[in-house]
Amino acid sequence: MSLERRIMAVLGPTNTGKTHYAIERMLGYRTGVIGLPLRLLAREVYDRIVAIRGPSVVALVTGEERIVPPRTQYWVCTVEAMPEGMGTDFLAVDEIQLCADPERGHVFTDRLLRARGTHETLFLGSDTMRGAIAELVPEAEFMRRERMSTLSYSGSRKISRMQPRSAIVGFSVDNVYAIAELLRRQKGGAAVVMGALSPRTRNAQVELYQNGDVDYLVATDAIGMGLNLDIDHVAFSSTVKFDGRRMRPLAPNELAQIAGRAGRGMSHGTFGVTGEAPPLDDAVAEAIMEHRFTPQKKLNWRNARLEFGSVDALLASLDMAPKDERLVKAREADDQMALNTMRASAEVMARASDGASVRLLWDVCRVPDFRGISHAEHASLIEGLYGYLHERGQVPDDWMARQVKRLDRTEGDIDTLSKRLAYIRTWTYVAQRKGWVDDENHWRGETRAVEDRLSDALHERLTQRFVDRRTSVLLRRLKQKEALLAEVNDKGEVTVEGEFVGRLEGFRFVADKEASGQEAKTLKQASLQALAPQFHLRADRFYNAPDTEIDFTEQGGLMWGEQAVGKLVPGDDPLKPGIKVFVDDEAGADVAQKVARRLQHFIDRKIAALFEPLLNLSKDEELTGLARGFAFRLVETLGVIPRGEVAGEVKELDQDARGSLRKHGVRFGQFTIFMPLLLKPAPTRLRLVLWSLAQGLDEFPEAPPPGLVTVPSGKGVPQGYHSMAGYRAAGERAIRIDMLERLADMLRAEDSRGGFEAKADMLSITGMTLEQFADLMQGLGYKAEKGEREKVKAAPEAPAEAATESTETATDAPVEDAAAEDAVAADAAPEAPAAAEETPEATEGPEMEVFFTFTWAGNRQGNRGPRRGADRGAPQGDKPRGKGGKPKGKGAPRRDQGAKQYQARPPKKEKAIDPDNPFAAALMGLKDKG
């Protein structure tokens, strides 16, 4: 073929000088462009050419960097950033075997098929591409270059025995950091090289290795792409990697690409495995040494002739299948995934209404996800960028400034700085796109400056963490069994020979998480020797500490300030839990016993203070018979019992027994027997912990927030939890038991047989809507029938004086029995308007409202049914209380009046009021007013 259109494939293993050959060929022409697989490698080649020809004629173009002098002759680019249609004399693409890469392969394949220099084109890469290039580019010539040094397999070797000038390769950030940390302890330090590092950070780390400050390099497979380092040995810590979709073993040719970094120039190199990586199969090792690999038969391809008439047309052109059998359709790349996501946005589709808008959308979708965030977050960023560019033509300066400014901070650890570097790459990319920002030079300089500052800070953190010559000195002294100087400061931080090794938390030594293996054991031993007197001093201080410095957690933990010193364990009695202390064995039995005694005193006093009414009840020797048995039940249940669980026992208690219990603050409610003082937040919190211990729960349920009348009833809570928390579950919500009793008092005044509606006071004390209240009532055993009616304006209120007089008369009247009590409660209650919820007013017609009618539905959830008294049918609870919680009235107990009979017949003629009844006058007065 004519020399004017020469296409050459220069193939061979690593360390053959292919890239150097391409640079020489390019500089022999007036103009040229070379595409490289990594930003790091592009920067390295750029620096080499600038050193030869000067910066005025050399351009560097990557996704995040753009240096283009006015008289540019030579372009150094990443493969994705190679400019098209420039017509340079020379064009080269390095690492052409990446045509088979599942992530980026379609870009390299496109360059193989379409990128050409006007005089010479070079494709550099592995021998595995020979067949594919011969078929797809028939006019190509081939040149094979042999390796300049030998590469041999040395098997498996421990990191501790790794030879100097070695590179250990890992395939995740965590793996790289762990190996570097191990080398810091055992060898004095290591440099770190990863593809995610900025060129500035990477070069600074490489300099540490190259100038001999450290003898070891820890890297990802980024070093396999042409980075030139003085490496004698490459060790694989793993032979599998995550390729973006799944974990998979590396192919022999991929291992060879990395292993080939060993032995540069005429120096021979070796490769092997270390850590948990299994030894390589003999066939694999031999293939790497002899550079014999399976040819690449299929290359990834994506249509490059895109249609921009509409988003659908663009997606259709991206989905086209290749016609050549050597090519396979590439899997959906990030830019195509982003475009598919944008298609679901109505706003984006409205903007992308013409060819120019669709082309702009595609350009924005190609912004790489440097941050590695979720696909949805990246799509949200893209949508925002597209909105600005489509509406204004540029990204607003103030918005850009905010994004850059929040990243311009150099404090933080390695991970924090690495994330900021990844984030600034996005805005560096935006600044590099022509026309996307107002002042391109300003923003390119600004983002580059921020990246440089972050890069320098990251290099500093990496060096601080992974390069520590004092560690090698420390380990050497440990091996020689020399005495070590260990200290404990007032914060509990423990240092050995000035090195931080852990901290004292309470009475336990917590070793530094970074220490591991034999080093950690040795350092801990030295630390505990220094801590022996500290344990005793702390124990004395803790024993004399006031109770205000100690507290319990809702999971039963015992804290001294912010440090855990023990936990509660079940005892023989719920009110007498045991203690388990958190004290190191090395502290000694005396320290452990002193801590245990102090914690036992604390919890005993806490229980005595918060459960004083309950403890007084248990110690009252005047209680006898049924009252004493019932008191025992109350103590056993920590002061709260659902009435349905003890209905029979309550029925057997006479008034004297009840009175003796009431003296201790026991309230016999409609739904719950409880001690109101124990419903306060502090006793409730402790009661839940003690109950959870007694129940043997693995995870203790927490107390509801204080002050709430109702809370969601929740799902999956342990049986009995609501009672212990001071609530009763009814429907979707649980209501506080004291407020439930107030509600029960109101319900007694209602006709639960004939049906009644919710009063405003009922909704007020529960804080519920009418719908929620209906659900609550159904949970309490009522039937709720929903209806709708025309809204009627409330009648004028009665004169205040009359209402007050009626109320005072009714509430002050003494009550002898339950029926009379119900009658008084009914007459005393002012006529509140029926609670209802308004429905939206129709276009025409009267205003309507929703209401519920409640009737007793039977005995549900352990409730007692409504007591059908003289003229009311509400459920019956305790009598109203007088001062001090004593029942009002001095009449004989109800059971002395004989059994009452009920039947579903029309009401009998009302009995005349007994004139001998001491309350007859008051009752007659009420009847006359009715």
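Here, every reference points to the structure presented above.
Because the structure is a prediction, the values reported are computed rather than measured. (Residues numbered from 1 in each chain as written. Predicted model: local features only at pLDDT ≥ 70, side-chain atom pairs only at ≥ 80, totals over all residues. Heavy atoms only, no water.)

Draft legend 1. Just the packing of aromatic side chains, in detail. Overall, the coordinates contain 15 aromatic pairs when judged by the stated rule. Ring geometry for F507 versus W560: centroids 6.0 Å apart, planes at 10°, classification stacked. Placement of the pair is F507 in the loop between β21 (499-505) and β22 (508-511) and W560 in strand β24 (residues 557-560), with a sequence separation of 53 residues. Judged by its relative accessible area of 9%, W560 is buried. Between Y782 and W856 the ring centres are 4.9 Å apart and the planes differ by 85°, which places this aromatic pair in the edge-to-face class. Here Y782, found in strand β33 (residues 782-790), pairs with W856, found in strand β35 (residues 848-856); they are 74 residues apart in sequence, far enough to count as distant. Here the two residues Y782 and W856 agree in accessibility, since each one is buried. Joined through ring pairs, the aromatic side chains of F756, F773, Y782, F852, F854 and W856 make up one cluster. Here the guanidinium or amino end of R685 rests over the ring plane of F552, the centre of that ring lying 4.1 Å away. (Phe/Tyr/Trp six-rings, centres within 6.5 Å; stacked < 30°, edge-to-face > 60°. Helix = DSSP H or I, 4+ residues; strand = E, 2+ residues; numbered from the N terminus. Buried < 20%, exposed > 50% of the residue type's maximum accessible area, 1.4 Å probe, protein only. Lys NZ or Arg CZ within 6 Å of the ring centre and 35° of its normal.)

Draft legend 2. Structural detail: the packing of helix α20 (residues 612-619) against helix α21 (residues 625-636). It is at 9 Å that the axes of α20 and α21 come closest, and there the two elements cross at 145°. Considering the relative orientation of α20 and α21, their crossing is left-handed. Here L614, L617 and S618 of α20 come into contact with α21, specifically with R628, A631, L634 and V635. Broken down by class, the residue content of the contact of α20 with α21 amounts to 5 nonpolar, 1 polar and 1 charged. (Axes fitted to C-alpha atoms, helices over the stretch in contact; angles between N-to-C directions. Left-handed = near helix turned anticlockwise from the far one by under 90°. Contact = heavy atoms within 4.5 Å. Nonpolar A, V, L, I, M, F, W, Y, C, P; charged D, E, K, R; others polar.)

Draft legend 3. Up close: the pattern of salt bridges. According to the stated counting rule, one finds 55 salt bridges in the structure shown. The salt bridge involving R448 is made with D452; its shortest N-O contact spans 3.3 Å. Here R448 and its partner D452 are both found in helix α16 (residues 440-466), 4 residues apart, which amounts to about one turn of the helix. On the accessibility criterion, R448 (27% relative accessible area) is partly exposed. Take D452: its relative accessible area is 18%, and that puts it in the buried class. In this structure, R503 and E493 form a salt bridge, with 3.9 Å as the shortest nitrogen-oxygen distance. Of this pair, R503 sits in strand β21 while E493 sits in strand β20 (residues 493-496); the two residues are 10 residues apart in sequence, bridging distant segments of the chain. Of the residues examined, R503 reaches a relative accessible area of 30% and is grouped as partly exposed. Each member of the salt-bridge network shares a partner with another, and the members are R43, D47, E65, R200, R448, D452 and D456. (Salt bridge = Lys/Arg side-chain N within 4 Å of Asp/Glu carboxyl O.)

Draft legend 4. Highlighting a nonpolar patch on the surface. Where nonpolar side chains cluster on the molecular surface, the patch consists of V240, F242 and M247 and spans about 290 Å² of accessible area. Looking at the secondary structure, you find F242 in strand β14 (residues 240-242). (Patch = residues over 30% accessible without salt bridge, like charges linked within 9 Å, V, L, I, M, F, W, Y side chains within 5 Å. Areas by Shrake-Rupley, 256 points an atom, 1.4 Å probe, with all protein chains shown as cover.)

Draft legend 5. Expanded view of the nonpolar core. Membership of the largest hydrophobic core comes to 68 residues, with the highest contact counts inside it found for F507, L575, F611, F630 and L661. Per-element accounting of this core gives the leading share, 7 residues, to helix α19 (residues 589-610). Membership of the second largest hydrophobic core comes to 62 residues, among which are V176, Y216, V218 and W443. (Core = buried A, V, L, I, M, F, W, Y, C linked by side-chain atoms within 4.5 Å.)

Draft legend 6. Representation of the sheet that holds strand β30 (residues 710-712) in the model. Spatially, the 3 strands line up as an open sheet ordered β30-β32-β31, and their pairing is antiparallel. The sheet terminates laterally at β30 and β31 (727-730), the two strands that pair on one side only. Averaged over all adjacent pairs, the angle separating strand axes in this sheet is 30°, with direction ignored. The sheet contact formed by β30 and strand β32 (residues 733-736) spans 3 bridges and is antiparallel. (Pairing = 2+ DSSP bridges.)

Draft legend 7. Fine view of the side chain of S723. For S723, the position within the fold is in helix α25 (residues 721-724). Leaving out residues up to four positions away in the same chain, S723 has contacts with V640 and P642.

Draft legend 8. Just the pairing of strand β13 (residues 233-236), in detail. Here β13 shows a buried face lined by H233 and A235 and a second buried face lined by V234 and F236. Relative to β13, strand β10 (residues 166-169) runs parallel, the two being bridged by 4 bridges. Pairing of S166 across the sheet is with H233, part of β13. Relative to strand β16 (residues 269-273), β13 runs parallel, the two sharing 4 bridges. The partner of F236 across the bridge, within β16, is V273.

Draft legend 9. Region of interest: helix α15 (residues 414-432). An ideal rise of 1.5 Å per residue puts 27 Å on 19 residues; α15 measures up with 26 Å between its terminal C-alpha atoms. The opening residue of α15, the one whose side-chain oxygen lies 3.4 Å from the backbone nitrogen of D415, is D413. (Expected span 1.5 Å × (residues − 1). Polar contact = N/O pair within 3.5 Å; in protein donor to acceptor, adjacent residues only side chain to side chain.)

Draft legend 10. Expanded view of a negative patch on the surface. Taken together, D397, D398, D438 and D439 make up a surface patch of like negative charges. Summarising the element assignment, D398 is placed in helix α14 (residues 397-405). (Lys, Arg positive; Asp, Glu negative; His and termini not counted. Charge placed at Lys NZ, Arg CZ, Asp CG, Glu CD.)

Draft legend 11. Layout of α14. Along α14, the positions that sit buried rather than exposed are W399, M400, Q403 and V404. Mapping the buried residues of α14 onto a view down its axis gives an arc of 130°, with all of them on the same face. Close packing links the buried residues of α14 with α13 (375-392), α15 and α16. (Arc of directions from axis to C-beta.)

Draft legend 12. Quick look at the sheet that holds strand β29 (residues 672-674). Across the sheet, 3 strands lie side by side as β27-β29-β28; this open sheet has antiparallel pairing. Every interior strand has two partners, whereas the edge strands, β27 (640-642) and β28 (667-668), have only one. Bridge count for β27 against β29 is 3 bridges, and the pairing is antiparallel. Bridge assignment links V640 to a residue of β29, and that residue is F674.

Draft legend 13. Spatial organisation of the environment of E325. Note on placement: E325 falls in the loop between α9 (311-318) and β18 (327-329). Here the alpha-carbon distance between E325 and K297, two residues 28 residues apart in the chain, equals 9.4 Å.

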